[in-house]
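Fold and contact review
Below, each chain spelled out in residue letters.
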Amino acid sequence: MPTNVGHRALTFHPHGCINVNDSWPTLVGDSVPSPCRTSGQPGWGPHRRHRSAPGPTNCALRALRTLRCLHTPHFHGAAPRNPPTAPAHSVQRERTPLMNRGLTAQGHKVVRHGAVLAVTCLALATVVSAMASLNVALPDIARETHASQTQLSWIIDAYSLVFAALLLLAATLGDRFGRRRALLGGLALFAAGSVAATFSSEPGVLIALRAVLGVAAAFVMPATLSTITSTFPREDRTRAVSIWAAVAGASAILGLLTSGAVLEVWSWRSVFWVNVILAVVAFIGAYVFVPESAEAGRQRVDTIGAALTVVGLGVLVYSVIQAPEHGWGSTRTLAGIAIGLAVLATFVAWELRHPHPLLDPRLFRNMPFAAGTLSITLQFFAFFGFIFVVMQYLQLVRGDSALMAAVSVLPMPAAMIPSARLSPKLAARVGARRPWIAGLIAVAVGLSVLAELDKTSSYWLIVTGLIPLGAGMGLAMTPATAAITDALPARLQNVGSAVNDLSRELGGALGIAVLGSALNAGYRNTLDTEGLPAHVAEAARSSLAAANIVGTRTGNTTLVNQARDAFASGLHLALITGAGAAVLGAVSVAFLLRRSPDTSDSADALDGVATEG
């Protein structure tokens, strides 16, 4: 290793090494050489172009710097005679912590995990709240647009259905072309569709625009969780996922509260303006803080699998929603349900053969993964079905305003948020299985209590049901979500995000369809319209809102009271159905996790399954 520094000057390489050159020794980006006035030897001067002061200090400093750099692995014994171009930043800046500077050594922005979590949770809240926030406005929509109970179901469920049907395809496109792009594009479409909805006045147009919002949400939601799981280190991921899960659960209620507040001043169209504001703020935050991420490989998109998903879910949900009008035992209803299930079975068979499936059915061999997926589906089946039913009950049966109806359900998120944060601590102490099952049982208990509501029930009965419902949702959501993501290896985290989101939205879409259909069937079968003119009877049977309008205009208080009793009967049937779904989820989780396998082993096993597939 050359050590001659007499006449050949040593210059520092940008990476911290020394280059040998005939020019004066230079610390690149820090100082320029100047001759020593007394000895004639090179000296070290400041960055400004003047000679350094004479004396032994500069020579000692030069020697120390030389010895330090001679021991670095980057030392080159023979360097080019022309030293490399000095970097824009100094050596001192190069040693500044990257987090403080906001840039990596390659010039990329440092990921700010707090900002990323805040932005993704805001985007999540925007699309999740849209599933529930419009429920508060259903009575106003029914009065202004003359929508029937079936059309009201479609106004709510068109969003959830398209959301769920396109979720896997949208997640795949986001993984291929960039999750940040998917997030930004989805938020932009969501804002544009919400603006268009503010000018609609027909139920059919509103249903179509809600479907457009569902397309946008399908791109937004998988990008949020996959961004978190791919950005956060594994030791912080559970905490971030628990916050994400709490936001996912509480956003529906917070959306109801916000909608109720604006409906006190403006019409139902103001709900869509709230969507616009949230989407724009989330878009700006995502543009500034969220890093781009995508899969390295360019896999072929499974368009046939996506089409089978859309057709199968569409036919199935359509048949369920229309069942009260056509009859549950009618040929049309049974044939539609059979066709929908057959198409979904074809989707499973197709995915087993496709080299790059949207969703590999073999992943469900993993018990925690299967338990988490089933639990999330059944939880949100009950949850969103409950929101759809209870908002109409509070306003149309109890006579509450939109804001009062939203405030009335606040005990549920008040119990949900702390229980969601407590759940990881309980899981770390006693395992995930116990709080998970306890949460699902609490959901069933809460819905069973709420099923006893009628037009004379006190608010304390509502609170008695809301508290266990909210606490149970919080306890069960976090371990279920973590089971899905932790069961998968790192390279399949995008699949976990998509499956989690699909389970949530599919459960919500089916819950609104099934519980809404049960409500409609119970209402229509119980309402006595004997002696009423045909057109009046048909209007009263279409929805409780229509019955209230007809009864008020004609002064027929008997019809109004009978319609409210009939609605309470339908509510009982719907919420008992939701409670049954929660019990089924608890039994399924207890069975699938009876051996409590380790998630790390599960992840390795699933990695092998995916590789073989």
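So, here is what we can say about the structure in this document. (Residues numbered from 1 in each chain as written. Predicted model: local features only at pLDDT ≥ 70, side-chain atom pairs only at ≥ 80, totals over all residues. Heavy atoms only, no water.)

**With respect to the layout of surface pockets**
The line we're drawing: A cavity here means a set of points on a 1 Å grid, drawn over the protein atoms and nothing else, where a 1.4 Å probe fits but cannot get out; a pocket is an open set with protein on both sides within 12 Å along at least five of seven lines, and a residue lines either one if it has an atom within 4 Å of a point. Grid points are joined across faces, edges and corners, and a volume is the space filled by probe spheres set on the points. Under the DSSP-based scheme used, a helix requires at least four consecutive residues in state H or I and a strand at least two consecutive residues in state E, with every element numbered from the N terminus. Three classes are used, and their members are as follows: Ala, Val, Leu, Ile, Met, Phe, Trp, Tyr, Cys and Pro are nonpolar, Asp, Glu, Lys and Arg are charged, and the others, Gly among them, are polar.
Approximately 550 Å³ is the volume attributed to the second largest pocket. Forming the boundary of the second largest pocket are 21 residues, of which Phe347, Leu359, Phe364, Leu502 and Leu506 lie nearest the centre. Looking at the lining of the second largest pocket, the elements that each hand over two or more residues are helix 11 (303-326), helix 12 (331-353), helix 13 (367-397) and helix 18 (493-526). Per element, the largest residue contribution to the lining of the second largest pocket is six residues, and it comes from helix 13. When grouped by side-chain class, the residues that make up the lining of the second largest pocket number 16 nonpolar, four polar and one charged.

**Brief notes about helix 7 (residues 179-197)**
Let me state the cut-off plainly: To estimate how far a helix should extend, the number of its residues minus one is multiplied by 1.5 Å. Relative accessibility under 20% of the residue-type maximum defines a buried residue, over 50% an exposed one, and the middle range a partly exposed one, all with a 1.4 Å probe and only protein chains included.
Between its terminal C-alpha atoms helix 7 stretches 27 Å, which fits the 27 Å expected from 19 residues at 1.5 Å a residue. Listing the buried residues of helix 7 in full gives Arg179, Arg180, Ala182, Leu183, Leu184, Gly186, Leu187, Phe190, Ala191, Gly193, Ser194 and Ala197.

**A word on the pattern of salt bridges**
In plain terms, the rule: Salt bridge criterion: a side-chain nitrogen from Lys or Arg within 4 Å of a carboxyl oxygen from Asp or Glu.
Scanning the model with the defined rule gives five salt bridges in all. Of the charged contacts in the structure, one is a salt bridge between Asp400 and Arg398, with a shortest N-O distance of 3.5 Å. Given a relative accessible area of 17%, Asp400 falls into the buried group. A relative accessible area of 28% means that Arg398 is categorised as partly exposed. Among the salt bridges present, the one from Lys455 reaches Asp565, with a minimum N-O distance of 3.5 Å.

**Quick word on empty space enclosed by the protein**
All told, the structure shown has two cavities of 30 Å³ or more when counted by the stated rule. Forming the walls of the largest cavity are 11 residues, and the residues nearest its centre are Ala171, Asp175, Pro222, Ala223 and Ser226. Of all elements in the fold, only helix 6 (149-177), helix 7 and helix 8 (203-231) reach the threshold of two or more residues within the lining of the largest cavity. Of the residues contributing to the lining of the largest cavity, the split by class is six nonpolar, three polar and two charged. Taken as a whole, the second largest cavity spans an internal volume of roughly 30 Å³. As for the second largest cavity, its lining consists of Ser153, Ile321, Pro324, Ile512, Ala513, Gly516, Ser517 and Asn520. For the lining of the second largest cavity, the secondary structure elements donating two or more residues are helix 11 and helix 18. Examining the composition of the lining of the second largest cavity, we find that five residues originate from one element, helix 18, more than from any other. Looking at the lining of the second largest cavity residue by residue, the classes come out as four nonpolar, four polar and no charged.

**Examining the packing of aromatic side chains**
The condition that has to hold: Only the six-membered ring of Trp is used, alongside the rings of Phe and Tyr, when aromatic pairs are assigned; centres must lie within 6.5 Å, and planes under 30 degrees apart are stacked while those over 60 apart are edge-to-face, with the rest tilted. To sit over a ring, a charge needs its Lys NZ or Arg CZ within 6 Å of the ring centre and within 35 degrees of the ring normal.
Tallied over the full model, the rule gives seven aromatic pairs. The interplanar angle of 75° and the centroid separation of 5.6 Å between the aromatic rings of Tyr159 and Phe163 together place this pair among those described as edge-to-face. Here Tyr159 and its partner Phe163 are both found in helix 6, four residues apart, which amounts to about one turn of the helix. Residue Tyr159 shares its accessibility class with Phe163, and that shared class is buried. Ring geometry for Phe380 versus Phe383: centroids 5.9 Å apart, planes at 75°, classification edge-to-face. One end of the pair is Phe380 and the other is Phe383, both in helix 13 and three residues apart, which spans about a single turn. Judged by relative accessible area, Phe380 falls into the buried class, the value being 1%. Here a set of aromatic residues connected by ring pairs shows up, and it is made of Phe380, Phe383 and Phe384. Directly above the aromatic system of Phe591 lies the positively charged group of Arg594, at a separation of 4.2 Å from the ring centroid.

Keep in mind these numbers describe shape, not what the thing actually does.
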